[in-house]
Amino acid sequence: AAFRVRAGSLAAEEVWPTLTVLSLVFALNLPLTVVQRVLVGYQETFINDLWQCAGTLLGFTFLIVAIRAKLLLWGLALALTAGPVLSTVVCALYEFTWRRSWIRPRIRYCAMSTAKELLLLGVLFFALQVTNLLAYLPDNLILSHAEGPQSVAKYATVQKLFSVGRSE
C-alpha cells in the first residue's frame, strides 16, 4: 500500500524482494567502505575512483546481461549493484592482502570504548540523515500516493535538474 501498487500485480510481487536485495547489498557494502577510507587517508583518491569506475562499468555490464535474460526487478537491482560491491571486495583484498597487509582490519585491534563512541556518533549522523530525508522525501511520497509511482520519476528528474549546483 505504501508504494501504491495493485495487489496481485507483478509490481506488487517485486517490491519486497527488490527491497530485500537492495538492503542486503547496502549492509554488505558498509564494512567494505573501510578500504575506500584507507585510500583517501593515503591521499590515493584516484585509485579509489578507478576501482569505483570499474565497479560501475561491471554493474552496467551485469545489468545489460540481466535485461537480456529478462530478469525481474530484484534481479536487475542485484545485477546493477553487484558490480560496485565486487570491485570493492577485490580492491579490499588487493589493498589488505598484498599492498598494505600491515593495516588489515583485525578484531583484536578493536577497542570497545572507541566502538561505543563511534556508534553514538553514527547514531547522531543517522538522525541527521533521517531529518534530511523527512525534509525532502514527503514530496515524492505525496506525489506517489496522489498520482502514482510513474509521476515520481518525472518529478524527481526535474527536481534534480533544478538542484544542480546546490549542495545537499
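Residues numbered from 1 in each chain as written. Predicted model: local features only at pLDDT ≥ 70, side-chain atom pairs only at ≥ 80, totals over all residues. Heavy atoms only, no water.

### What about the nonpolar core?
Next, step 1: In this structure, V35, V38, L39, I47, C91, A92 and F96 together form the largest nonpolar core, which totals 7 residues.
Next, step 2: For this core, the secondary structure elements donating two or more residues are α1 (10-41) and α3 (73-99).
Next, step 3: Dropping the residues within four chain positions of it, C91 is found in contact with V35, L39 and W51. (Core = buried A, V, L, I, M, F, W, Y, C linked by side-chain atoms within 4.5 Å. Buried < 20%, exposed > 50% of the residue type's maximum accessible area, 1.4 Å probe, protein only. Helix = DSSP H or I, 4+ residues; strand = E, 2+ residues; numbered from the N terminus. Contact = heavy atoms within 4.5 Å.)

### Examining α3
Next, step 1: Over its 27 residues, α3 extends 38 Å from the first C-alpha to the last, a length consistent with the 39 Å expected when each residue adds 1.5 Å.
Next, step 2: By the largest-angle criterion, A82 marks the main kink of α3, which is about 35°, and a proline, P84, follows within four residues.
Next, step 3: Those residues of α3 not exposed but buried are G75, A77, A79, T81, G83, V85, S87, T88, C91, A92, E95 and F96. (Expected span 1.5 Å × (residues − 1). Bend = angle between axes of the 7 residues up to and from the residue.)

### Some words on the environment of E13
Next, step 1: Within the secondary structure, E13 is located in helix α1.
Next, step 2: On the basis of relative accessible area, E13 is assigned to the exposed category, the value being 53%.
Next, step 3: Considering only alpha carbons, one finds E13 and L73, 60 residues apart in sequence, at a separation of 9.8 Å.

### Quick notes on empty space enclosed by the protein
Next, step 1: Evaluation of the coordinates by the stated rule reveals 1 cavity of 30 Å³ or more.
Next, step 2: Of the voids in this model, the largest cavity is the one considered here, and its volume is about 30 Å³.
Next, step 3: As for the largest cavity, its lining consists of V35, Q36, N48, W51, Q52, S87, T88 and C91.
Next, step 4: Listed by contribution, the elements that provide at least two residues to the lining of the largest cavity are α1, α2 (45-68) and α3.
Next, step 5: Grouping the amino acids of the lining of the largest cavity by side-chain chemistry returns 3 nonpolar, 5 polar and no charged. (1 Å grid on protein atoms, 1.4 Å probe; cavity = no way out; pocket = protein on both sides within 12 Å on 5 of 7 lines; lining within 4 Å. Points joined across faces, edges and corners; volume = space filled by probe spheres on them. Nonpolar A, V, L, I, M, F, W, Y, C, P; charged D, E, K, R; others polar.)

### Considering the packing of helix α4 (residues 112-147) against helix α5 (residues 149-162)
Next, step 1: Between α4 and α5, whose axes approach to 7 Å, the crossing angle comes to 145°. Read as a crossing pair, α4 and α5 show a hand that is right-handed. Contacts between α4 and α5 pair D139, N140, L143, S144 and E147 from the former with P149, Q150, S151, V152, Y155 and Q159 from the latter.
Next, step 2: Grouping the amino acids of the contact of α4 with α5 by side-chain chemistry returns 4 nonpolar, 5 polar and 2 charged. (Axes fitted to C-alpha atoms, helices over the stretch in contact; angles between N-to-C directions. Left-handed = near helix turned anticlockwise from the far one by under 90°.)

### A look at the side chain of S87
Next, step 1: Checked against the element boundaries, S87 lands in helix α3.
Next, step 2: Every residue in contact with S87, bar those within four places of it in the chain, is listed here: W51, A54 and G55.

### As for the packing of α2 against α3
Next, step 1: Interaxial distance between α2 and α3 falls to 7 Å at its minimum, and their mutual angle equals 145°. Judged by the twist between their axes, the crossing of α2 over α3 is right-handed. For the pair formed by α2 and α3, the contact residues are I47, W51, A54, G55, T56, L58, G59, F62, L63, A66 and I67 on the first element and G75, L76, A79, L80, A82, G83, P84, L86, S87, V90, C91 and R99 on the second.
Next, step 2: For the contact of α2 with α3, the residue count by class is 16 nonpolar, 6 polar and 1 charged.

### Let's talk about the pattern of salt bridges
Next, step 1: Counted according to the given criterion, the structure contains 4 salt bridges.
Next, step 2: A salt bridge links R99 to E44, with the nearest nitrogen and oxygen atoms 2.8 Å apart. Linking R99 in helix α3 with E44 in the loop between α1 and α2, this pair joins segments that are 55 residues apart in sequence.
Next, step 3: Given the relative accessible area of 13%, E44 is considered buried.
Next, step 4: As a salt-bridge pair, E44 and R100 come within 2.9 Å of each other at their nearest N and O atoms. Here R100 lies in the loop between α3 and α4 and E44 lies in the loop between α1 and α2, a separation of 56 residues in the sequence. The pair E44 / R100 is uniform in exposure class, with both members buried. (Salt bridge = Lys/Arg side-chain N within 4 Å of Asp/Glu carboxyl O.)

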